[in-house]
Amino acid sequence: MNLWVGLVSLFPEMATAIASAGILGRAIQRDEMGFEVFNPRNHAVDRRRTVDDRPYGGGPGMVMMAEPLLGAIGEARQRAPSPPRVIYLSPQGAKLDQSHVERLSQLPSLVLIAGRYEGIDERVIESAVDEELSIGDYILSGGELPAMVLVDALCRLLPGALNNEESIQTESLLDGLLEYPQYTRPEQVGPLKVPAVLLGGDHGAIRGWRRAEALLRTWLRRPDLLASRALSDADSALLQAGLRRQSHAGSRWPDGGGNEGE
Ligand code: SAM
């Protein structure tokens, strides 16, 4: 097993549904990733198995109580094959990106905490959480989906999880660029044709076209990604050529296939 993840959640069924399908489901089935859910309700300290209460000082909604959460985190720590890093999924955390995923995929064990209601008692964060991560500047009703977003992204980086190792290498953001456009059969959909360069079998030309498209796409859609890196001379030339072609023709590849720089 390359990575073990324990999820602390009041709604285990949400997580297990996601964890049973697709690449993630296969990785868990093959024991490439361990995944277990720990329900704070099983650690409630009263007969009614209460897990939430009103906030001190007043205000709307309920807060997840510290004791059931700490109990579930403790249970997860005991099940983890090595001392885990504990992460609370929270809109107040650092914004999750691929570099966080890469860093965390190197660790052997993680415990993820999914909050509900108005959030969790601050003393859980103070005493048991190593890191807070947000999946974006919007508020969800629970941390299960954010936790499973992270688990899914982690799973894709585990050795052997993907059948085609190469798709990891070309994926958007892995080398700081968005991925080039993809096409599959048929060659024509209505008036829209597959760029000719992709049909020609010239692998050098295809590589050049894809690199140019990735650069151009990143420049147009996510210039912030390019601002933080220095482009090689070859990449600059590809990007400039792509931009020129676009401004002249109003279309990026008027002949259906460029081949600059190769
Ligand atoms: N009142 C909290 C606040 O303002 O920080 C938000 C509580 S939210 C309704 C309930 C739970 O959903 C949170 O405890 C957290 O686990 C999860 N959550 C909501 N939005 C999230 C986001 N953008 N990223 C990660 N987790 C989120």
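Residues numbered from 1 in each chain as written. Predicted model: local features only at pLDDT ≥ 70, side-chain atom pairs only at ≥ 80, totals over all residues. Heavy atoms only, no water.

With that settled, consider the domain arrangement of the chain. As assigned here, the chain comprises domain 1 (3-155) and domain 2 (172-249). Taking only C-alpha atoms, the centre of domain 1 and the centre of domain 2 are 38 Å apart. (Domains from an automatic or database assignment.)

Further remarks concern the environment of G25. Secondary-structure assignment places G25 in helix α2 (residues 22-29). Excluding its chain neighbours within four sequence positions, the residues that come into contact with G25 are A19 and S20. (Helix = DSSP H or I, 4+ residues; strand = E, 2+ residues; numbered from the N terminus. Contact = heavy atoms within 4.5 Å.)

Here the focus is helix α8 (residues 203-221). Residues spaced three or four apart along an α-helix face the same direction, because each turn holds 3.6 residues. In this model, α8 (19 residues) spans 26 Å end to end at C-alpha, consistent with the 27 Å of a helix rising 1.5 Å per residue. Tucked into the core, α8 has its buried residues touching α9 (223-227) and α10 (233-249). The N-terminus of α8 is capped by D202, whose side-chain oxygen sits 3.2 Å from the backbone nitrogen of G204. (Expected span 1.5 Å × (residues − 1). Polar contact = N/O pair within 3.5 Å; in protein donor to acceptor, adjacent residues only side chain to side chain.)

Let's shift gears to the site of the ligand. With respect to spatial proximity, 20 residues lie near the ligand, and among them Y88, L89, Q92, G115 and Y138 are the closest. One of the backbone nitrogen or oxygen atoms of G136 is found 3.0 Å away from a nitrogen atom of the ligand. The contact in question runs from a nitrogen atom of the ligand to an N or O atom on the backbone of Y138, over 2.8 Å. When the free accessible area of the ligand is taken as 580 Å², the share hidden by the protein chains comes to 87%. Of all the elements, strand β5 (residues 85-95) adds the most residues to the shell around the ligand, at five residues. Among the residues making up the shell around the ligand, the classes are represented as 10 nonpolar, nine polar and one charged. (Near = heavy atom within 4 Å. Areas by Shrake-Rupley, 256 points an atom, 1.4 Å probe, with all protein chains shown as cover. Nonpolar A, V, L, I, M, F, W, Y, C, P; charged D, E, K, R; others polar.)

Now for the pattern of salt bridges. One pass over the full model with this rule turns up 10 salt bridges. With its nearest N and O atoms 2.7 Å apart, the salt bridge here joins E131 to R85. A residue pair is termed long-range when its members are at least 10 positions apart, and E131 in strand β7 (residues 131-134) and R85 in strand β5 qualify at 46 residues. Across the pair D224 and R222 runs a salt bridge, and its minimum N-O distance is 2.9 Å. Classification of D224 by relative accessible area gives partly exposed; the value is 43%. (Salt bridge = Lys/Arg side-chain N within 4 Å of Asp/Glu carboxyl O. Buried < 20%, exposed > 50% of the residue type's maximum accessible area, 1.4 Å probe, protein only.)

Per-residue pLDDT for the chain averages 92, and the proportion of residues at 70 or more is 93%. This model gives residues 253-262 a pLDDT under 50, and the stretch forms 27 contacts once residues within four places in sequence are excluded. (pLDDT = per-residue confidence, 0-100.)

With that out of the way, let us pick up the pairing of β5. The pairing of β5 with strand β6 (residues 109-114) spans five bridges and is parallel. By the bridge assignment, R85 is partnered in β6 with L110. With respect to chirality, the unit in which β5 leads through helix α4 (residues 98-105) into the neighbouring parallel β6 is right-handed. Of the strand pairs in this sheet, β5 and β7 are connected by five bridges, and their pairing is parallel. Across the sheet, the residue bridging to I87 is E131, located in β7. (Pairing = 2+ DSSP bridges. Right-handed = clockwise from strand over helix to strand, strands pointing away.)

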